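A look at the structure
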Amino acid sequence: MSENHNKHEIYKREGKLYKFSDYTLKRVNEIIERYPEGKQKSALIPLLHIAQEEFGGSLNADIMDYVAGLLSIKPIEVYEVATFYSQFYLDNVGKYVIEICQTGPCLACGGDEMIDYLKTKLGIEAGETTADGIFTLKQVECLGACGYAPVMQVNTCFHENLTKERIDEIIDLYKNQAEKPQSNDEKWVEKFYLRK
Amino acid sequence: MGGKILLEKINIPGIETFDIYRKSGGYSAVEKALKTMTPAEVVEEVRKSGLRGRGGAGFPTGMKWGFIDRKSEKPHYLICNADESEPGTFKDRYLMEHLPHLLIEGMICSAFALEAKTAYIYIRGEFKYLIGILNKALSEAYANGFLGKNILGTSYCLDIYVHPGAGAYICGEETALIESLEGKRGNPRLKPPFPAFFGLYSCPTVVNNVETLAAVTSILNMGGDFYSKLGNGKSTGTKLISACGNINKPGVYEIEMGITVEDFIYSEKYCGGIKGGKNLKAVVPGGSSVPVLPAQLILKTASGQPRLMTYESLAEGGFETGTMLGSGGFIVYDEDQCMVRNTMSFARFYHHESCGQCSPCREGTGWQERLLYRIEHGLGRAKDIDLLADISKHIEGNTICPLGDAAAWPVSSAIRHFRNEFEFHIEHPEIVKNISHGNIDKYRK
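Parameters and conventions
- Residues numbered from 1 in each chain as written.
- Chains lettered and ligands numbered in written order.
- Predicted model: local features only at pLDDT ≥ 70, side-chain atom pairs only at ≥ 80, totals over all residues.
- Helix = DSSP H or I, 4+ residues; strand = E, 2+ residues; numbered from the N terminus.
- Contact = placed C-beta atoms within 7 Å.
- Buried ≥ 20, exposed ≤ 12 C-beta atoms within 10 Å, placed from the backbone.
- Pairing = 2+ DSSP bridges.
- Axes fitted to C-alpha atoms, helices over the stretch in contact; angles between N-to-C directions.
- Arc of directions from axis to C-beta.
- Nonpolar A, V, L, I, M, F, W, Y, C, P; charged D, E, K, R; others polar.
- Parallel < 35°, antiparallel > 145°, perpendicular 65-115°, else oblique.
- Left-handed = near helix turned anticlockwise from the far one by under 90°.
- Core = buried A, V, L, I, M, F, W, Y, C linked by C-beta atoms within 7 Å.
- Domains from an automatic or database assignment.
- Right-handed = clockwise from strand over helix to strand, strands pointing away.
- pLDDT = per-residue confidence, 0-100.

1. Considering the overall build of chain A
Helix and strand content of chain A: eight helices and four strands. Reading the secondary structure of chain A in the N-to-C direction produces α-α-α-α-β-α-α-β-β-β-α-α. For chain A, contacts bridging at least 24 residues in sequence account for 64% of all contacts bridging at least 6.

2. Topic: unusual backbone geometry
Residue B:P192 is bonded to the preceding B:K191 through a cis peptide linkage, with omega at -5°. Here B:P192 is to be found in the loop between α8 (174-181) and β4 (205-209). In this chain, B:P192 is followed by B:P193 through a cis amide linkage whose omega measures 0°. Mapped onto the elements, B:P193 comes out in the loop between α8 and β4. For A:S72, which is not glycine, the phi torsion reads 55° and is therefore positive. By the element assignment, A:S72 lies in the loop between α3 (61-71) and α4 (75-82). A tally of 10 C-beta atoms within 10 Å means that A:S72 is categorised as exposed.

3. Digging into the sheet that holds strand β2 (residues 116-123) of chain B
Residues and elements named next belong to chain B. Strand order in this open sheet of four strands is β3-β2-β1-β4, and the pairing throughout is parallel. The sheet is open, and its two borders are formed by β3 (159-164) and β4, each paired with just one other strand. Pairwise comparison of adjacent strand axes, ignoring direction, gives a mean angle of 20° for this sheet. Of the pairings in the sheet, the one linking strand β1 (residues 76-82) to β2 comprises seven bridges and is parallel in character. Looking at β2, one finds that N81 is bridged to Y122. Against the sheet, helix α6 (residues 100-113) touches β1, β2, β3 and β4, its axis set at about 150° to β1. Running at roughly 105° to β1, α8 makes contact with β1, β2, β3 and β4 of the sheet.

4. What to know about the sheet that holds strand β7 (residues 238-245) of chain B
Strand order in the open sheet formed by five strands is β8-β7-β11-β9-β10 (chain B), and the pairing between neighbours is mixed. Unpaired on one side and paired on the other, β8 (251-256) and β10 (293-294) of chain B mark the two borders of the sheet.

5. Some words on α4(A)
All names here are of chain A. Taken together, the buried positions of α4 are occupied by V78, V81 and A82. Each buried residue of α4 lies within a common arc of 95° when the element is viewed along its axis, so the set occupies one face. Where α4 is buried, its residues touch α2 (44-54) and α3.

6. As for the interface of chain B and chain A
Listed as interface residues are 58 residues of chain B and, on the opposing side, 43 residues of chain A. A breakdown of the residues in the side of chain B that touches chain A according to their chemical character gives 21 nonpolar, 27 polar and 10 charged.

7. Quick notes on the packing of helix α16 (residues 359-376) of chain B against helix α18 (residues 403-427) of chain B
Residues and elements named next belong to chain B. At a minimum axis distance of 12 Å, the contact between α16 and α18 shows a crossing angle of 20°. Considering the angle they form, α16 stands roughly parallel to α18. Pair α16 / α18 crosses with left-handed handedness. Mapping the contact onto sequence places P360, C361, T365, Q368, I375 and E376 in α16 and L403, G404, A407, V411, F422, H425 and I426 in α18.

8. Examining the nonpolar core
B:I79, B:L103, B:A119 and B:V332 are the most contacted members of the largest nonpolar core, which totals 185 residues. In this structure, B:L103 is in contact with B:C80, B:L95, B:M96, B:V210, B:L213 and B:A214, ignoring residues within four places of it in sequence.

9. Description of the domain arrangement of chain B
Size of an interface: often given as the accessible area lost when the parts come together. Residue and element names in this part refer to chain B. Entries for chain B in the domain assignment read domain 1 (18-225), domain 2 (240-334) and domain 3 (339-443). The C-alpha-based centres of domain 2 and domain 3 are spaced at 22 Å. Each partner contributes to the interface: domain 2 provides 10 residues, whereas domain 3 provides 10 residues. Residue classes in the side of domain 2 that touches domain 3 are distributed as eight nonpolar, two polar and no charged.

10. Overview of the pairing of β2(B)
Residue and element names in this part refer to chain B. With seven of eight residues buried, β2 lies mostly within the body of the structure. Pairing geometry for β2 and β3, over six bridges, is parallel. By the bridge assignment for β3, I121 is matched with V162. At this point the chain moves from β2, through helix α7 (residues 128-143), to the parallel β3, and the crossover so formed is right-handed.

11. Some remarks on the confidence of the model for chain B
The pLDDT averaged across chain B works out to 94; a share of 97% of its residues lies at or above 70. This complex was scored by the predictor with a pTM of 0.93 and an ipTM of 0.92.

12. Considering the packing of helix α3 (residues 39-49) of chain B against helix α9 (residues 210-222) of chain B
Pairs of packed helices are described in terms of their axes, by the angle between the two and the distance that separates them. Residue and element names in this part refer to chain B. It is the contact of α3 with α9, at a shortest axis distance of 10 Å, that shows an interaxial angle of 95°. Looking at the two axes, α3 sits roughly perpendicular to α9. For the pair α3 and α9, the contacting residues are V42, E45, V46 and S49 in the first and V216, I219 and L220 in the second.

13. Here's the deal with the domain arrangement of chain A
On domain assignment, one finds that chain A holds domain 1 (22-87) and domain 2 (96-175). Using only C-alpha atoms to locate each centre, domain 1 of chain A and domain 2 of chain A end up separated by 28 Å.

14. Digging into the environment of B:A33
Residue and element names in this part refer to chain B. Along the chain, A33 turns up in helix α2 (residues 28-36). Sequence separation of A33 and E423 is 390 residues, and the distance between their C-alpha atoms is 59 Å. With near-sequence residues (within four places) excluded, A33 lies in contact with V42, C109, F112 and L220.

15. Focus on α2(B)
All names here are of chain B. Among all positions of α2, only A29, V30, A33 and L34 are buried. Angularly, the buried residues of α2 cover 110° about the axis, an arc narrow enough to put them on a single face. For α2, the exposed residues lying more than 90 degrees away from the buried face are K35 and T36. Residues of α2 that are buried make contact with α3, α6 and α9.

16. Some points on the environment of A:I32
All names here are of chain A. Along the polypeptide, I32 turns up in helix α1 (residues 22-32). A tally of 19 C-beta atoms within 10 Å means that I32 is categorised as partly exposed. Distance from I32 to F135, taken between C-alpha atoms, is 33 Å for residues 103 residues apart in sequence. Here I32 is in contact with Q40 and A43, once residues within four sequence places are set aside.

Here's what the structure looks like:
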């Protein structure tokens, strides 16, 4: 359970009308069809992932209401799920979200030094976004890659066996990448959520 | 000792593709089950094998399958639990990444045994890259007639879908997983009724771990009787152990249950000894939830017998001097690791992951974390250790799901075996304030 869920302005509205592209919408309907009739709510978590990716990296009330409409469920059913799972971001995030592990096995392998180094390098604390809007840093619990500790994940990509030099390289790599590789890539939905 | 079963073919180049997997003997278990056996015979074979759930609890799989309500007219569901989130555990990720078809083959056989026509793989949201790998493998299996309608020309039909989670450890608990799959918050359900009667959409459901389902393939290929002779006593077969922490060769190893813990830690075949030639301080052998044991108790039981890598041997001595095999997340700590700091990180983990349903867990995990934070940062008070032990005792056994127990055990065991370190932190705040980690023994006068 997110400890900070009271802090989020989940009812924040922009009054903006969100809508999936026709392509995504077709895929979304395929996902809904995987579940038995009347159980379309099961598609909620996959849909929130897709919505978050397509609509700029985080969720707000307008987006959640749109998803509720797609699944014919009440908006509150979406809010309660979005606030429960730590991968749904209710605050604005940068282009890349860095999630660095702070759990035991990573700490035993020097994970806390990497966390400190990353904070200093980016000049932000955990939970903050850099001024240029490129990176958001999050300290997270176990990422399930303990044998390759210390570990961090940048969006969906794992970076393992971290050292200060590795972190320098990784940050440079993302900084120099003009376009976020996955955003607006329709293939992305296909790759992660559908089988052909 | 012990050939590989699950990971036997892992070094074959291209084994993640259908063609190579099939050429090297893959999907023969599906052919055998669907063409020559009845569902009840498959269940019987698994029961005979003595296979125990590989997700952590170690419940006999054949027995779990035996509970499924066959009289029900509702559809049956099989769910593969791929929500691997237990700190120290990364075996399922390894299996799915390198041998996706082994899991799919095991799932087809298992779903057939349970007469399920739909199966879901619930995978943790952080493993998004694996979803692509699994979907590719599933597509290949469909294209080759091993999934979909009338598999291998029989009347059996099966669809498998991958369903992502979104970052919640609690969804590894089977009823929380079912809630999550229904599109809700991952709050565990009260049992009974058990999922075998009222599971997904109130239908008969079985939830099995990735490794368990993969093992079904091997059991059908070699026969339940043969499988049951591998391993040691009631710990039959092989187990994937994900070794991490301060060792020379972290990674996933398949062991035949029955090798000694000492062999596992020190032999070149497995962990390759402690990194930097340091001494062993402690081991958490089954993922963060199981009790931590100091070096002398993990290598030898209290009665002086060598400790073996089996469910029974690791548990010998109860929680006083024993621990559990759990999920096989084997975390090794060298002499320089601070047990208070490690326990604090685990307490923080459980506080973060508590779903908030039961007060003892929701409140207790927070109290544990705050007390441990205080002690670790040189702000501890004399009574804090007893208070901490008291809190963990009151969480344990008083919650709907086992997360409460899992949150209490690392704390109570750390106090039991490393009380002197906690006392040192409280007695020497000026020292612990200035060192962020490390071996407090070095600072002892």
